[in-house]
Amino acid sequence: MAKKSRTKARDRATSDGGIGPREPCPCGSGKRYKACHGSAGGAYVARPFAGLAAERDLVALREFVPSATAPLTVGDRTVLLGSLLPAAAPAMVRDSGEVWLGLQVRHAFGDPSRDLGAVLEKALATDEPGVVGLVDPPGPGPRLQDLVSDEPLEVTVHPGFEWWLGDVAERDEGMAEALEQANGAVSPTTRLTSVEAAYWVDAGSKEHLRWVLPHDEAGLLDALARLYAAGEDSLADGSRLVGMFRANGLVAPVWDLVPGTGAAVLEEPAAAFARRLDDALADSRDLSAEERAARSTLANRQVTLR
């Protein structure tokens, strides 16, 4: 009995981030903490890019934009931030000495901002060209917020990964094959200009708009439910708000669009929707029965990416 009690006490004891190992992981994966982010050796941070002006675009580039770049100012240097680097490298030092920093990587140590800060510091201190990565949890140290200028991202969305080899004078057969394979996985994507962090994507049989929003999840769900119930959630003819996903502490609603819609026609409707959403967020009334049903429908369509 004493042994069993000690086991229960241990399971309830807080681990990294103050979460018990058998508690559900706060990332929303449905796994126990010890089998998810608790196994990575680093404290889980639910909203790693909070406080950065570029937070929403960082989430978008990390989670669903296939090929995009943006310059980052780090002290007196400029670093190229990429959604995905060759071989999913965390960072690269190019032959020119330029540093590239990748967002879509294979490791996950609980705090992506700390991971990025650690690998960025390593890359900036490296003279030799090559890949710079993380094998073990980086431990305490500067996060991305501590290293880069706090500015919105100037995002360039690319149709493929030609930018990978833009500074390579001579390309061999292996490079060409890798580039062709990578380009084959890219879905055409466009970033809207009328609103922040909204990305149209042509997924082949369907088109979507994915829009990372900054609002608290509970309040955002209430506001979206009001618009959904009132039939004011559409962005274009035939569009439907079909659900949303959580990623890095933010929520991104997703609309299905009629094939052939394109990105350009969404600019004005997206800006108008943003205004309707602001009004709905400011509405403090209790949800009606119809709005509560809409909220339940939307909540059941949520998917957690990380």
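For every chain, the first residue of its written sequence is number 1, and the numbers climb from 1 along that sequence. A pLDDT threshold of at least 70 governs which residues receive local features in this predicted model, and a stricter bar of 80 or more applies before side-chain atom pairs are shown or counted, although totals over entire chains, interfaces and linings include all residues. Here the side-chain values reflect all heavy atoms present in the structure, with hydrogen atoms and water set aside.

1. Re the overall build of the chain
Condition: Segments assigned H or I by DSSP are reported as helices when at least four residues long, segments assigned E as strands when at least two residues long, and all are numbered from the N terminus. When accessible area is computed with a 1.4 Å probe and restricted to protein chains, residues below 20% of their type maximum are described as buried, those above 50% as exposed, and intermediate ones as partly exposed. In this analysis, two residues are considered to be in contact whenever any of their non-hydrogen atoms come within 4.5 Å of each other. To measure how exposed things are, a 1.4 Å probe is used in the Shrake-Rupley method; for residues, cover is taken only from the protein chains shown.
Each helix and strand in the chain was counted, giving eight helices and twelve strands. Residues classed as buried in the chain amount to 45% of the 306 residues present. Within the chain, residue pairs in contact and separated by at least 24 positions form 61% of the contacts whose partners lie at least 6 positions apart. Of the roughly 15100 Å² that the chain leaves accessible, carbon and sulfur atoms contribute 50%.

2. Considerations on the confidence of the model for the chain
Caution is warranted with low-pLDDT regions, since their predicted coordinates should not be read in detail. Heads up, the condition is: Each residue carries a pLDDT score, the predictor's confidence in it, ranging from 0 to 100.
On average, residues of the chain score 88 in pLDDT, and 86% of them reach the 70 mark or higher. Long-range and interchain partners of residues 1-18, a stretch whose pLDDT sits below 50, account for 19 contacts in this model, where long-range means more than four residues apart.

3. Focus on the nonpolar core
The cut-off we apply is this: Buried residues of nine kinds, namely Ala, Val, Leu, Ile, Met, Phe, Trp, Tyr and Cys, make up a nonpolar core once their side-chain atoms join them within 4.5 Å.
Counting residues in hydrophobic clusters, the biggest one holds 40 residues, and the most contacted among them are Leu58, Leu101, Leu120, Leu144, Leu153 and Val212. Non-local contacts of Leu58, meaning those with residues more than four positions away in its chain, are made with Phe49, Leu52, Leu81, Leu103, Leu144 and Leu153. By size, the runner-up hydrophobic cluster in this structure holds 26 residues, among which are Ala223, Trp255, Ala263 and Leu277.

4. A word on empty space enclosed by the protein
Let me state the cut-off plainly: Throughout, the protein atoms alone are placed on a 1 Å grid, and a set of points is a cavity if a 1.4 Å probe fits but cannot get out or a pocket if it is open with protein on both sides within 12 Å along at least five of seven lines; lining residues have an atom within 4 Å of a point. Grid points are joined across faces, edges and corners, and a volume is the space filled by probe spheres set on the points.
In the structure shown here, the tally under the stated rule is one cavity of 30 Å³ or more. Taken as a whole, the largest cavity spans an internal volume of roughly 80 Å³. If you go around the largest cavity, the residues you meet are Arg62, Pro90, Gly102, Leu103, Val105, His107, Pro112, Asp115, Leu116 and Val119.

5. A few points about the sheet that holds strand β9 (residues 207-211)
Short version of the rule: A pair of strands is treated as paired once DSSP finds two or more bridges between them. Fitted lines through C-alpha atoms serve as axes, helices being fitted only where they are in contact, and the angles separating the N-to-C directions of these axes extend from 0 to 180 degrees.
With mixed pairing, the six strands of this open sheet are ordered in space as β7-β8-β9-β11-β10-β12. Unpaired on one side and paired on the other, β7 (189-191) and β12 (302-304) mark the two borders of the sheet. Taking each pair of neighbouring strands and ignoring which way they run, the sheet shows an average axis angle of 25°. Relative to β12, strand β10 (residues 240-247) is paired through three bridges, and the arrangement is parallel. Within β12, the residue paired with Met244 across the bridge is Gln302.

6. Digging into a negative patch on the surface
We count it as follows: Patch definition: residues above 30% relative accessible area lacking any salt bridge, with like charges linked at up to 9 Å and the nonpolar side chains Val, Leu, Ile, Met, Phe, Trp and Tyr linked at up to 5 Å. We define a salt bridge as a side-chain nitrogen of Lys or Arg found within 4 Å of a carboxyl oxygen belonging to Asp or Glu. Charged-residue counts in this description rest on Lys and Arg as positive and Asp and Glu as negative, His and the chain ends being excluded. Charge positions come from single atoms, namely NZ of Lys, CZ of Arg, CG of Asp or CD of Glu.
A cluster of acidic side chains, namely Asp172, Glu173, Glu177 and Glu180, defines a negative patch on the protein surface. Structurally, Glu173 is set in helix α5 (residues 173-183). The exposure class assigned to Glu173 is exposed, which follows from its relative accessible area of 61%.

7. Section: helix α3 (residues 112-124)
One full turn of an α-helix is made of 3.6 residues, so residues set three or four places apart face in the same direction. Put simply, the rule reads: Given the number of residues in a helix, its expected span is that number minus one, multiplied by 1.5 Å.
Between its terminal C-alpha atoms α3 stretches 18 Å, which fits the 18 Å expected from 13 residues at 1.5 Å a residue. Listed as buried for α3 are Pro112, Ser113, Arg114, Asp115, Leu116, Gly117, Ala118, Val119, Leu120 and Ala123.

8. What about the environment of Ala50?
Looking at the secondary structure, you find Ala50 in the loop between α1 (2-12) and α2 (55-63). Spatially, the C-alpha atoms of Ala50 and Pro214 are 9.5 Å apart, while their sequence positions differ by 164 residues.

9. Describing the pattern of salt bridges
Applying the stated rule across the entire model yields twelve salt bridges. With a shortest N-O distance of 3.8 Å, Arg226 and Asp283 are connected by a salt bridge. In this pair, Arg226 sits in helix α6 (residues 217-229) while Asp283 sits in the loop between α7 (267-282) and α8 (289-299), placing the two residues 57 residues apart along the sequence. One continuous salt-bridge network, built from bridges that share partners, spans Arg226, Asp283, Arg285 and Glu291.

10. Structural notes on unusual backbone geometry
Positive phi is not limited to glycine here, since Ala87 has a value of about 60°. In this fold, Ala87 is placed in the loop between β2 (77-82) and β3 (91-93). With phi around 65°, Ala197 is a residue other than glycine that occupies positive phi space. Within the secondary structure, Ala197 is located in the loop between β7 and β8 (198-202).

11. Quick notes on the packing of α6 against α7
This is how it is decided: For classification, angles of less than 35 degrees are called roughly parallel, those exceeding 145 degrees roughly antiparallel, those between 65 and 115 degrees roughly perpendicular, and all remaining angles oblique. What makes a crossing left-handed is the near helix being turned counterclockwise from the far one by less than a right angle; a clockwise turn instead makes it right-handed. Note on residue categories: nonpolar means Ala, Val, Leu, Ile, Met, Phe, Trp, Tyr, Cys or Pro, charged means Asp, Glu, Lys or Arg, and polar means any other residue, Gly included.
Look at α6 against α7: their axes get within 9 Å of each other, and the N-to-C directions meet at 115°. Classed by the angle they form, the pair α6 and α7 counts as roughly perpendicular. The way α6 lies across α7 gives a crossing that is right-handed. Facing Gly219, Leu220, Ala223, Leu224, Arg226 and Leu227 of α6, the residues of α7 in contact are Phe273, Arg276, Leu277, Ala280 and Leu281. Partitioned by chemical class, the residues of the contact of α6 with α7 number eight nonpolar, one polar and two charged.

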